[in-house]
Amino acid sequence: MELVSDKVKVGLIGSGFISSIHAEALKQVGEAELFAVASPSAGKAEAFARKCGITHHFTDYRRLLEMEEISLVVLGIPNDLHCQVTLAAAAAGKHIVLEKPMCLNLAEADRMLAACQKAKVKLMYAEELCFTPKYVRLKQLLDSGALGQPVLIKQSEKHDGPHAAHFWDVDRSGGGVTMDMGCHAIEFFRWMLGRPAIKSVYAQMGTHVHKGKTRGEDNAILILEFANGAMAMAEESWTKLGGMDDRAEVHGSKGVAYADLLHGNAIETYSVGGYDYAVEKAGSTVGWSFTIYEEIWNYGFVHEMAHFVDCVKHDRPPLVTGEDARVVMEVLFAAYESAGTGRKVALPFKTDAAKPFDLWQRKAEK
């Protein structure tokens, strides 16, 4: 059944940094209408709604889910809340856009998938790197044969630490930088390669700079081996000063391509006092920095939200699904197991661990 006559009315659950990104992106999607926002913090939902021109606001997300007008909800909330809110949204018959990572563990992931399948709603995984224009072009080069057969893909994302307190708390986040940013790399690699099976994962993790803030790792390196013979390496860090860094490489049998997501699009800036920028989320702006412009477009958030809205309105399958999110969770657990044991871990990987961090923590306890 297609929703062809009206705009897709969207409810945002969450009012933090990522929800502000979602709101700005959705404003640029002609078929979407921002209809409501929910946030438990006193006054935050109202202030967010006033800033973004949203008519309805609630402190209880369940009231938002009761609104019959809303057909799509976008979850921008801490990891430990993903499961319960997804289950509630599915029960209310709402299609769901879920921020990364999917949840805290594989049992939650399976409950979420089952609930959405039972309710016949779409569970769409918000991996923006699959929509980022420069990376989309990178994939086109690979798919066209211009680079030959893929041999090695690399992706790195680095800055000086997350912007919200719940990221530092492993009981809420499930882990450190690997959960926060390594999840991007895993789905990026799968998407770039056409989602072949992953044979194994090897990971190194450590807490080098932020021991006073978190028990989680602030640096991580992941090496993935795919069934088609390609290798992939992710470098993720919460310890890089000087602003955000996000780049990728594709090495093939007939060529190589490098894509720097931010520095190639940035304005080289020197400021004695620093500057304010609403979307800037990482690093000091004092001294030399790379001033990002049109970040929401360059990162693919507009393209991502336009795609998901179109999937709801015209009942089309999403590019990145809940099932993809579940694969990412499995690889994340395997990576933490590898970092904890010092061994390469084969896929598929089964575990009943409550969160990925628990598998890595065993190394520290030995």
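Sequence order as written defines the numbering, with residues in each chain counted from 1. pLDDT decides what is reported in this predicted model: residues at 70 or higher carry local features, side-chain atom pairs at 80 or more are listed and counted, and totals for whole chains, interfaces and linings draw on all residues regardless. Working from all heavy atoms in the structure, the side-chain values ignore hydrogens and water.

A. Structural context of the overall build of the chain. Of regular secondary structure, the chain possesses 12 helices and 15 strands. Throughout, radius of gyration means the C-alpha value; the globule benchmark is 2.2 Å times the number of residues raised to the power 0.38. Taken against the 2.2 N^0.38 rule, which gives 21 Å for 366 residues, the C-alpha radius of gyration of the chain at 20 Å falls within 12% of a compact globule. Along the first, second and third principal axes, the C-alpha set of the chain runs to 55 × 50 × 45 Å. Scored against the burial criterion, the 366 residues of the chain give a buried share of 57%. Contacts in the chain between residues far apart in sequence, at least 24 positions, make up 68% of those at least 6 positions apart. Only four residue types enter the charge count, namely Lys and Arg as positive and Asp and Glu as negative; His and the chain termini do not. Here the site of a charge means atom NZ of a Lys, CZ of an Arg, CG of an Asp or CD of a Glu. Considering the chain, the positive charge centre built from 40 side chains and the negative charge centre built from 47 side chains are found 3 Å apart. A helix here means a DSSP run of H or I that spans at least four residues, while a strand means a run of E at least two residues long, and both kinds are numbered starting from the N terminus. Only protein chains enter the accessibility calculation, which uses a 1.4 Å probe. A residue is then buried if its area is under 20% of the maximum for its type, exposed if over 50%, and partly exposed in between. We call two residues contacting when some pair of their heavy atoms lies within 4.5 Å.

B. Summary view of the packing of aromatic side chains. Here is the rule: rings of Phe, Tyr and Trp (six-membered ring for Trp) pair when centre to centre is within 6.5 Å. Planes less than 30 degrees apart are stacked, more than 60 are edge-to-face, and the remainder are tilted. All chains considered together, the criterion is met by seven aromatic pairs. Ring plane angle 40° and centroid distance 6.2 Å describe the contact between Tyr-299 and Phe-301, whose orientation is recorded as tilted. Of the two residues, Tyr-299 and Phe-301, both sit in the buried class. Members of the aromatic cluster, each reached through a chain of ring pairs, are Tyr-135, Phe-188, Phe-189 and Trp-191. The ring of Trp-191 carries the charged tip of Lys-139 above its face, separated from the ring centre by 5.7 Å. Sitting over a ring, as applied to charges here, requires NZ of Lys or CZ of Arg to be within 6 Å of the ring centre and within 35 degrees of the ring normal.

C. Just the sheet that holds strand E15 (residues 345-346), in detail. Pairing between two strands is assigned when DSSP locates at least 2 bridges connecting them. One open sheet holds the seven strands; their spatial order is E12-E11-E7-E10-E9-E8-E15, and the pairing between them is mixed. Only two strands of the sheet have a single partner each, and these edge strands are strand E12 (255-260) and E15. Pairing between strand E9 (residues 219-226) and strand E10 (residues 231-237): seven bridges, direction antiparallel. Bridge pairing in E10 places Ile-221 opposite Glu-235.

D. Structural view of the pairing of strand E1 (residues 8-13). The buried fraction of E1 amounts to six of the six residues, a majority that puts the element mostly inside the structure. Neither face of E1 is exposed, since Val-8, Val-10 and Leu-12 on one face and Lys-9, Gly-11 and Ile-13 on the opposite face are all buried. Here E1 pairs with strand E4 (residues 72-75) via four bridges, running parallel. Directly across from Gly-11, in E4, lies its bridge partner Val-73.

E. The arrangement of the environment of Lys-51 in detail. In this fold, Lys-51 is placed in helix H2 (residues 44-52). Since its relative accessible area comes to 68%, Lys-51 is described here as exposed. Along the sequence, Lys-51 and Ser-20 sit 31 residues apart, while their C-alpha atoms lie 9.7 Å from each other.

F. Looking closely at the sheet that holds E4. The six strands lie next to each other as E3-E2-E1-E4-E5-E6, forming an open sheet whose pairing is parallel. Because the sheet does not close on itself, it has two edges, and the strands there are strand E3 (56-58) and strand E6 (123-125). The mean inter-strand angle of the sheet, taken between neighbouring strand axes irrespective of direction, is 25°. Each axis is a line fitted through C-alpha atoms, taken for helices only over the stretch in contact, and angles between the N-to-C directions span 0 to 180 degrees.

G. Up close: the side chain of Ser-200. By secondary structure assignment, the location of Ser-200 is in strand E8 (residues 198-206). Residue class for Ser-200 comes out buried when judged on its relative accessible area of 6%. Here a polar contact means two N or O atoms within 3.5 Å. Within protein one must be a hydrogen donor candidate and the other an acceptor candidate, and residues neighboring in sequence count only if both atoms are side-chain atoms. At a separation of 2.9 Å, a polar atom in the side chain of Ser-200 contacts the side chain of Glu-225. With residues near it in sequence (within four places) discarded, Ser-200 still touches Ile-223, Leu-224, Glu-225, Lys-344, Val-345, Ala-346 and Leu-347.

H. Spotlight on the nonpolar core. What makes a nonpolar core is a set of buried Ala, Val, Leu, Ile, Met, Phe, Trp, Tyr and Cys residues whose side-chain atoms join them at distances within 4.5 Å. Judged by nonpolar contacts, the single largest core of 119 residues is most densely connected at Leu-12, Met-102, Phe-188 and Leu-224. Counting residues per element, this core draws most heavily on helix H8 (residues 177-193), at 11 residues. The residues touching Phe-188, leaving out its near neighbours within four places in the chain, are Leu-129, Tyr-135, Leu-138, Ile-153, Lys-154, Gln-155 and Ala-248.

I. A look at unusual backbone geometry. Residue Lys-100 is joined to Pro-101 through a cis peptide bond whose omega torsion reads -20°. Looking at the element boundaries, Pro-101 is found in the loop between strand E5 (95-98) and helix H5 (106-119). Put simply, Leu-347 and Pro-348 share a cis peptide bond, and its omega is 0°. With respect to the element layout, Pro-348 can be found in the loop between E15 and helix H12 (356-365). Phi is positive for Lys-120, which is not a glycine, with a value near 60°. With respect to the helices and strands, the residue Lys-120 is situated in the loop between H5 and E6. Relative accessible area serves as the criterion here: at 72%, Lys-120 is assigned to the exposed category. One non-glycine residue, Arg-195, adopts positive backbone phi at about 60°. Examined against the element boundaries, Arg-195 turns out to sit in the loop between H8 and E8. Owing to a relative accessible area of 25%, Arg-195 belongs among the partly exposed residues under this scheme.

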